[in-house]
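# Reading the structure
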Amino acid sequence: MTASTSLADVRGVRRDPRASQRDFRVLLDVLSRPGRIGHLAVTPGTPAATIPVAGLADVEVPLAVLADGGRREWARALRVATGAPAADPDAARLVLALRPLTPAEIGALPRGDALHPELGARLVQAVDALLPGAQAAPGDTALTLTGPGIDGRAVLAVRGFGADAARALAAANAGFPAGIDTFLVAPDGAVAGLPRSTRITLEGED
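Residues numbered from 1 in each chain as written. Predicted model: local features only at pLDDT ≥ 70, side-chain atom pairs only at ≥ 80, totals over all residues. Heavy atoms only, no water.

### Remarks on the sheet that holds strand β1 (residues 38-39)
Sheet strands pair by backbone hydrogen bonding; their relative direction is either parallel or antiparallel. With respect to topology, 6 strands assemble into an open sheet ordered β1-β9-β8-β4-β3-β2, the strand pairing being mixed. A single partner strand is all that each edge strand has here, and the edge strands are β1 and β2 (63-66). The pairing of β1 with strand β9 (residues 190-194) spans 2 bridges and is classified as antiparallel. Counted as the bridge partner of G38 is V191 from β9. Contacting β1, β8 (181-185) and β9, helix α2 (residues 17-32) crosses the sheet at an angle of about 45° to β9. Where helix α4 (residues 73-82) meets the sheet, it contacts β2 and β3 (94-97), and its direction lies at approximately 155° from that of β2. (Pairing = 2+ DSSP bridges. Helix = DSSP H or I, 4+ residues; strand = E, 2+ residues; numbered from the N terminus. Contact = heavy atoms within 4.5 Å. Axes fitted to C-alpha atoms, helices over the stretch in contact; angles between N-to-C directions.)

### Regarding α2
Since the α-helix packs 3.6 residues into each turn, any two residues three or four apart lie on the same face. Taking 1.5 Å as the rise per residue, α2 with 16 residues should run 22 Å; its terminal C-alpha atoms sit 22 Å apart, in good agreement. Where α2 is concerned, the buried positions are A19, D23, V26, L27 and V30. The buried residues of α2 occupy an angular sector of 95° when projected down its axis, which confines them to one face. Across α2 from its buried face, at more than 90 degrees, point the exposed residues P17, R18 and R25. For α2, the side-chain oxygen to backbone nitrogen distance between the N-cap and R18 is 3.0 Å, and the N-cap itself is D16. (Expected span 1.5 Å × (residues − 1). Buried < 20%, exposed > 50% of the residue type's maximum accessible area, 1.4 Å probe, protein only. Arc of directions from axis to C-beta. Polar contact = N/O pair within 3.5 Å; in protein donor to acceptor, adjacent residues only side chain to side chain.)

### Notes on the pattern of salt bridges
According to the stated counting rule, one finds 9 salt bridges in the structure shown. Note that R33 is salt-bridged to D29, the shortest N-O span being 3.5 Å. When its relative accessible area of 40% is taken as the criterion, R33 is described as partly exposed. For R196, the salt bridge identified is with D181, shortest N-O distance 3.3 Å. (Salt bridge = Lys/Arg side-chain N within 4 Å of Asp/Glu carboxyl O.)

### What to know about the pairing of β8
With 5 of 5 residues buried, β8 is to be regarded as a mostly interior element. In β8, alternate side chains face the same way, and those of D181, F183 and V185 on one face and T182 and L184 on the other are all buried. Of the strand pairs in this sheet, strand β4 (residues 122-126) and β8 are connected by 5 bridges, and their pairing is parallel. The residue of β8 that forms the bridge with R122 is D181. Sheet topology places β8 next to β9; 4 bridges connect them, and they run antiparallel.

### What about helix α6 (residues 163-172)?
Among the residues of α6, A165, A166, A168, L169 and A172 are the ones counted as buried. Each buried residue of α6 lies within a common arc of 160° when the element is viewed along its axis, so the set occupies one face. Elements in contact with the buried residues of α6: α5 (103-107), β6 (141-146), β8, β9 and β10 (199-202).

### Structural notes on the sheet that holds strand β5 (residues 129-132)
Reading across from one edge, β5-β7-β6-β10 is the order of the 4 strands in this open sheet, with antiparallel pairing throughout. On the outer flanks of this sheet lie β5 and β10, each paired with one strand and no other. Along the sheet, successive strands turn relative to each other by an average axial angle of 30°, direction set aside. Strand direction decides the pairing type here: β6 and β10, joined by 4 bridges, are antiparallel. Its bridge partner lying in β10, T144 is registered against T201.

Spelled out as structure tokens, the structure:
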């Protein structure tokens, strides 16, 4: 732990066993039911997007954290708390994005292949808000979702995850079973899962 990584930061990202079990149930639920919005219990002062990482990372899971400014300190706190080794995004098994990823960055994440889909990355992307599609506001990205776990279609409104990023994620998952399993996490703890098996299109686009 460096002098700039505080003990409070490390404690903020650590979860006790009961909280970890609750987090896991929420994450499993939203990943198995794409378009459904779950809720994680947020620790004040700690980015909500660190919660899935705290539960999924360990000493055998290479972790990349992409952040701007002071948020870079959360990378060190997570590594101290979980023991996860640092990795570049193109070699990571788990990627936490505390800033919006560019389409090129999404396209460069590991996807595995048809014989080794387990080598695909898990992406945890911080967003500004998650809402049911019917509550989308101007400027939100409305994602139409189809595939396993969805009755017909679902629409998810995302604030802070642009249309180009959504298209890049859809392209990365076009070669199922290879692809990237994704969690979108808002500051209030709202979370949605986009497994690689989900087909993502933008409202109004085929």
